[in-house]
Amino acid sequence: MEKIEFFKHNLTEADLDLANQVMRSIFLTTGPMVAQFEKKFAQYLGSPEAVGLTSCTGAMHLALLKQGIGPGDEVITTPMTFVATATAILETGATPVLVDVCPKSGLLLPEAVDAAVSSKTRGILPVHLYGRMADMRGLARVAAKHGLVIVEDAAHCLEGSRDQVRPGELSAAACFSFYPTKSMTCGEGGALVCRFPEEAAWYRAARHHGISKNASSRYTKKYEHWDMEMMGWKYNMDDIQAALLLNQIDRLDGYRQRRQDLENLYRELLAEVEGLDLLEAPGPGEVSGHHLFTVLLPNKVDRDEVIKLVQEMGVGCAVNYRAIHVLRYFRETYGYRPGDFPVAYEIGQRTISLPLYPQLREEEVARVCETLKQAVSSRL
Ligand SMILES: Cc1ncc(COP(=O)(O)O)c(C=O)c1O
């Protein structure tokens, strides 16, 4: 039987053709295609400004730096995420302070963040886990109360909204990933949206060594000296990446709807499985990005054995995530123990992510569910 992949990207011939056009031109790095992408991406998100970068990690790093976060500062974030959320904080010299998540959603809760604020706290870095947005209105109230900045890890949620708020609307910046498993991709890539043109100009300098002219203006005009005006990094998106992304933006909402329908089917087919738990579905009026669909296996079964079996039976799956506080670096650096963040730990021990992408067919969802049921019941 044909394998059901965990993920398939959605690059079309037209996307590849546009990237080909760029590659056949003389100019490959940050130039007109990036500018076009930024304009369209900002419009999609309803945000005044977008900046093309090389990763979401780089985007979060720059966004925190722009807010003046550095050594001696603390930034509150979640243990139920990919390590990049915390390493972006570490890259600034600040310390990530982990706060346990809501057992129903896996999201940071404003009241828990409020309780964790210390005299050193400068920022909050929420993650819109699996596509569901954190409560940005609640987090913005906590931030206002304590004078904190918010930077959003929106790697899982380009398309969502909650309480009529979209990523980037109530924060200093929202950061996105175009890694291959994300809802649009250019291999590796990222972007951020922010609200002010002066900030976008700072990001455009900071992504390119802090020098006064970017490569395209250096190439298309006659040579002129450039200056390094500020400290900068090397995070500039190039025109090949931008060409791959440009037209994927038009397909985001249709794909999001398809993933929502597939998730609903999963929920229906898995509703009665004994011991299996699902995180709560998005609430009314909420639009989730439906980036990942995860299940929590019965406590009695060994999750890793089930994963092995499911894969042997021809179904791709993954774990998003083992809580970051149990990973070696964080354990050894901060002395964390599993029970320090019990909810994130439990989710991290029980969770499996199942295939979820627009090309997945209904009969494949049914086969994934049958495979999972068989694997679980053989291990009960
Ligand atoms: C929640 C989350 N944050 C950050 C990242 C990092 O994104 P990138 O690989 O673009 O730096 C990822 C990527 O997998 C992610 O899932």
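Residues numbered from 1 in each chain as written. Predicted model: local features only at pLDDT ≥ 70, side-chain atom pairs only at ≥ 80, totals over all residues.

Draft legend 1. Geometry of the overall build of the protein. Check the secondary structure of the protein and you find 14 helices and 9 strands. Taking 380 residues into account, the globule formula puts the C-alpha radius of gyration at 21 Å, and the protein, at 21 Å, falls close to it. Dimensions along the principal axes, computed over C-alpha positions, put the protein at roughly 70 × 55 × 40 Å. With 380 residues in all, the protein has 48% of them scored as buried. Here the contacts in the protein between residues at least 6 apart in sequence split such that 73% fall between residues at least 24 apart. (Helix = DSSP H or I, 4+ residues; strand = E, 2+ residues; numbered from the N terminus. Rg over C-alpha atoms; globule rule 2.2 N^0.38 Å. Buried ≥ 20, exposed ≤ 12 C-beta atoms within 10 Å, placed from the backbone. Contact = placed C-beta atoms within 7 Å.)

Draft legend 2. Examining the site of the ligand more closely. By nearness alone, 14 residues border the ligand, and Ser55, Cys56, Thr57, Ala155 and Ser177 come closest of all. Looking at the shell around the ligand, the elements with two or more residues in it are α3 (56–66) and α4 (83–91). Looking at side-chain class alone, the shell around the ligand contains 6 nonpolar, 7 polar and 1 charged residues. (Near = placed C-beta within 6 Å. Nonpolar A, V, L, I, M, F, W, Y, C, P; charged D, E, K, R; others polar.)

Draft legend 3. Examining the domain arrangement of the protein more closely. Domain boundaries in the protein define domain 1 (13–251) and domain 2 (252–379). One C-alpha centre belongs to domain 1, the other to domain 2; they are set 26 Å apart. With 30 residues of domain 1 at the interface, the matching set in domain 2 holds 27 residues. Of the residues belonging to the side of domain 1 that touches domain 2, the class tally is 14 nonpolar, 10 polar and 6 charged. (Domains from an automatic or database assignment.)

Draft legend 4. How the structure looks around the pairing of strand β1 (residues 49–53). In terms of residue burial, β1 counts as a mostly covered element, since 5 of its 5 residues are buried. Neither face of β1 is open: one carries Glu49, Val51 and Leu53, the other Ala50 and Gly52, and all of them are buried. When β1 meets strand β7 (residues 190–194), the two strands line up antiparallel, connected through 5 bridges. If you follow Ala50 over to β7, its bridge partner there is Val193. (Pairing = 2+ DSSP bridges.)

Draft legend 5. How the structure looks around the nonpolar core. With 104 residues, the main nonpolar core has Ala59, Ala63, Leu64, Cys175, Phe176 and Leu192 as its most contacted residues. Mapped onto the domain boundaries, this core takes at least three residues apiece from domain 1 (13–251) and domain 2 (252–379). Not counting residues up to four positions away in its chain, the partners in contact with Cys175 are Cys56, Ala59, Met60, Ala63, Val151, Glu152, Asp153, Ala154, Gly190 and Leu192. (Core = buried A, V, L, I, M, F, W, Y, C linked by C-beta atoms within 7 Å.)

Draft legend 6. Main features of the packing of helix α11 (residues 303–312) against helix α14 (residues 362–379). Following both chains from N to C, one finds α11 and α14 inclined at 135°, their axes separated by 9 Å at the closest point. With respect to α14, the axis of α11 lies oblique. Where α11 crosses over α14, the handedness of that crossing is right-handed. Facing Glu305, Val306, Leu309 and Val310 of α11, the residues of α14 in contact are Thr371, Leu372, Ala375, Val376, Ser378 and Arg379. Of the residues assigned to the contact of α11 with α14, the class counts are 6 nonpolar, 2 polar and 2 charged. (Axes fitted to C-alpha atoms, helices over the stretch in contact; angles between N-to-C directions. Parallel < 35°, antiparallel > 145°, perpendicular 65-115°, else oblique. Left-handed = near helix turned anticlockwise from the far one by under 90°.)

Draft legend 7. Looking closely at the environment of Tyr321. Relative to the helices and strands, Tyr321 is located in the loop between α11 and α12 (328–334). What makes Tyr321 buried here is the crowd of 24 C-beta atoms within 10 Å. When neighbours within four sequence positions are excluded, Tyr321 is seen to be in contact with Met80, Thr81, Phe82 and Gly348.

Draft legend 8. Representation of α4 within the structure. Those residues of α4 lying buried are Ala84, Thr85, Ala86, Ala88 and Ile89. The secondary structure elements touched by the buried residues of α4 are α3, β2 (74–77), β3 (95–98), β4 (121–125) and β5 (149–153). In the segment just after α4, Gly93 is the residue with positive phi, at about 95°.

Draft legend 9. Summary view of the sheet that holds β4. Pairing in this open sheet of 7 strands is mixed, and the strands run β1-β7-β6-β5-β4-β2-β3 from one edge to the other. Looking at the sheet topology across the chains shown, the edges are occupied by β1 and β3. Across this sheet, the average inter-strand angle for adjacent strands is 25°, counted without regard to direction. Note: β5 against strand β6 (residues 173–177), 3 bridges, orientation parallel. Note on β6: the bridge partner recorded for Val151 is Ala173. Along the sheet face, α3 touches β1, β2, β4, β5, β6 and β7 and points at about 165° away from the line of β6. In the packing of helix α7 (residues 197–206) onto the sheet, the strands contacted are β1 and β7, and the crossing angle to β1 comes to about 10°.

Draft legend 10. Molecular detail of the environment of Ala174. Position of Ala174 relative to the elements: it lies in strand β6. When the C-alpha atoms of Ala174 and Val151 are compared, they prove to be 5.9 Å apart, with 23 residues separating the residues in sequence. Once residues lying within four places of it in the same chain are set aside, the contact partners of Ala174 are Glu152, Ala154, Pro167, Gly168, Leu192 and Val193.

Draft legend 11. Representation of unusual backbone geometry. The amide bond that connects Asn320 to the next residue, Tyr321, takes the cis arrangement and shows omega of 5°. We note that Tyr130 has phi near 65°; this positive angle belongs to a residue other than glycine. Mapping Tyr130 onto the fold places it in the loop between β4 and α6 (136–146). In the Ramachandran plot, His209 falls in the positive-phi region, its phi being about 65° despite a non-glycine side chain. Positionally, His209 belongs in the loop between α7 and α8 (215–220). The exposure class of His209 is partly exposed, given the 18 C-beta atoms found within 10 Å.

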